[in-house]
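Structure at a glance
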Amino acid sequence: MKHNVLILIAGVTLMTLAASAGTISGQVSGVAGPSVVYVDTISGKTFPPSTQHPVIDQRGLVFQPHLTAVQVGTTVDFLNSDSVAHNVFWTSIGGNKKLAHNLGTWPKGEKKSFKFDTPGAVPILCNVHPEMTAYLVVAPTPYFATSDQTGNYKIENVPDGSYTVTAWHEGAKNQSKPVAVSGDAKADFTLSK
Amino acid sequence: MKSWSITSTKNLVVIFVLLSQSFGQKSGSNKELPVTAVKGESWISHLHKKFSDTSMGKTYHTGPGAPMPGEKAAGRQENLSPNFAARTMAYHGSDVYRLNCRGCHESSGHGTPPEINSVIDPVRATSVEVIMARMKKSGMNISRANATLLAKQSNTALLDRFHKGGTDMPPFPQLAEPEIRALLAYLKQLAGVPGAEREQIAITESPSHVGEQIVKSTCHICHNAVGPNPNPQQILEGAIPPLSTLTTRTTMPDFVRKVTAGNPISMGAAPMPFRGRMPVFDYLSEDEVANAYLYLTLYPPQE
């Protein structure tokens, strides 16, 4: 008997959770390759710091991966796996040049870490090898996703509510639109460079 | 002292030329490193690379083939300068590059990626003007202060590379500060840094130090310093004669010819002359290669 009650409670809890959160999905078109879609700042809401610790590697004179998305407050490790010295710097975060930073130049096998406390897109460059670029998108909320090559994306576990959702793509203008989440929601974007 | 009166005019001309060179251009300080013997295993042995699997030290010129049986090898007259072993060389960074870097990075500086990386981008990264122009072009202007910081860090990384080497690149402790400065100036010219051609630095080099640079930076890529003298069959099977054996295996004229133009080598159990595998270094002068031979004689290679 006790057992059945527990199962009932568990079931009800799961149903409640399922009812109060959904996904935002859709497609980003007009541009080629992956984009990042994120829920913008929600007023009055703060989030626990991210436990992610992603790595952006420099390997074969290429940044790998080319595109990384993180929640604001995340520390990113910049690794050098090449046998040559690399540098990492950026000239702005979200277009703000005051947030330009130079992490330095370091040899193979070493890494440097940086905590990104301001949301926005960060173009990552290496001064030693000017053809190398990568992008880091610092999302203001934990609700973000990187699309596949054809632009399809899915942001999971978004609580019901009304949000502004923004699509970012390398070299394109950001596009934002209001999205009401109640269960599953759809949002398509068409970006232009 | 009779000879003095005969050659005095010539000597004075030489001294005058040397003096005018050192006063006429920016000159490196003459603080010299002592010349030391080449030591230890070759760089490709150190990396556990096979000679056939690497572009290091390769010029992809191999000289003439061996003569057919019954044919006589083409005669060749070496053309050494009189007194070459006592003459100080008036050099520039381009010569430092030739003696130390070109064997792997080629005359263009591009190397053979991915094994041997280009020097061009890491050198351009040391120029404030290049960085600022590049960032402006990409629409991400940066301040001169930030560009200067980036350039300084790239310069430190480049100097570190010369002094400490990398995973695949050997260090160059045989280069003294004036040589490094002359080399940096030339690398900037090679990399197309604006105005670099006006910043070239003249240096003077002793004959034995010229030989030392060639041996340590170029020959020692593939030749171990010491080891047993391989027989023709071992040579056929891929043995590379150690540097310690070269001055007894060859005469100076043969050595100069082998390095600068190619010369057949005996290979096989029933030894026959073959073209051999050694690249030809036609960008080295006969005087320079003769100095490498003298250096190997005067400073016998060590374990």
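Residues numbered from 1 in each chain as written. Chains lettered and ligands numbered in written order. Predicted model: local features only at pLDDT ≥ 70, side-chain atom pairs only at ≥ 80, totals over all residues.

Here's the deal with the domain arrangement of chain B
Residues and elements named next belong to chain B.
- Along its sequence, chain B is carved into domain 1 (33–68 + 207–303) and domain 2 (89–205).
- Counting residues at the interface gives 17 residues for domain 1 and 16 residues for domain 2.
- The biggest single contributor to the side of domain 1 that touches domain 2 is helix H9 (residues 207–217), with seven residues.
- Residues that form the side of domain 1 that touches domain 2 fall into these classes: eight nonpolar, seven polar and two charged. (Domains from an automatic or database assignment. Contact = placed C-beta atoms within 7 Å. Helix = DSSP H or I, 4+ residues; strand = E, 2+ residues; numbered from the N terminus. Nonpolar A, V, L, I, M, F, W, Y, C, P; charged D, E, K, R; others polar.)

Thoughts on the nonpolar core
- Within the largest apolar cluster, 101 residues are counted, with the highest numbers of intra-cluster contacts made by Val37(A), Ile124(A) and Phe144(A).
- For Phe144(A), the residues in contact, after removing those within four places along its chain, are Val36(A), Val37(A), Tyr38(A), Val39(A), Ala69(A), Ala139(A) and Ile155(A). (Core = buried A, V, L, I, M, F, W, Y, C linked by C-beta atoms within 7 Å. Buried ≥ 20, exposed ≤ 12 C-beta atoms within 10 Å, placed from the backbone.)

Considerations on the interface of chain A and chain B
- Listed as interface residues are 17 residues of chain A and, on the opposing side, 20 residues of chain B.
- For the side of chain A that touches chain B, the elements supplying multiple residues, two or more each, are strand S7 (86–90) and strand S8 (101–106) of chain A.
- No other element matches S8(A), which puts three residues into the side of chain A that touches chain B.
- Classifying every residue of the side of chain A that touches chain B gives seven nonpolar, nine polar and one charged.

Concerning the environment of Lys216(B)
All names here are of chain B.
- By the secondary structure assignment, Lys216 is in helix H9.
- By the C-beta count within 10 Å, which is 26 here, Lys216 ends up buried.
- Taking the C-alpha atoms as reference, Lys216 lies 19 Å from Pro228; in sequence the two are 12 residues apart.
- Leave out the neighbours within four places in its chain, and Lys216 touches Val38 and Gln174.

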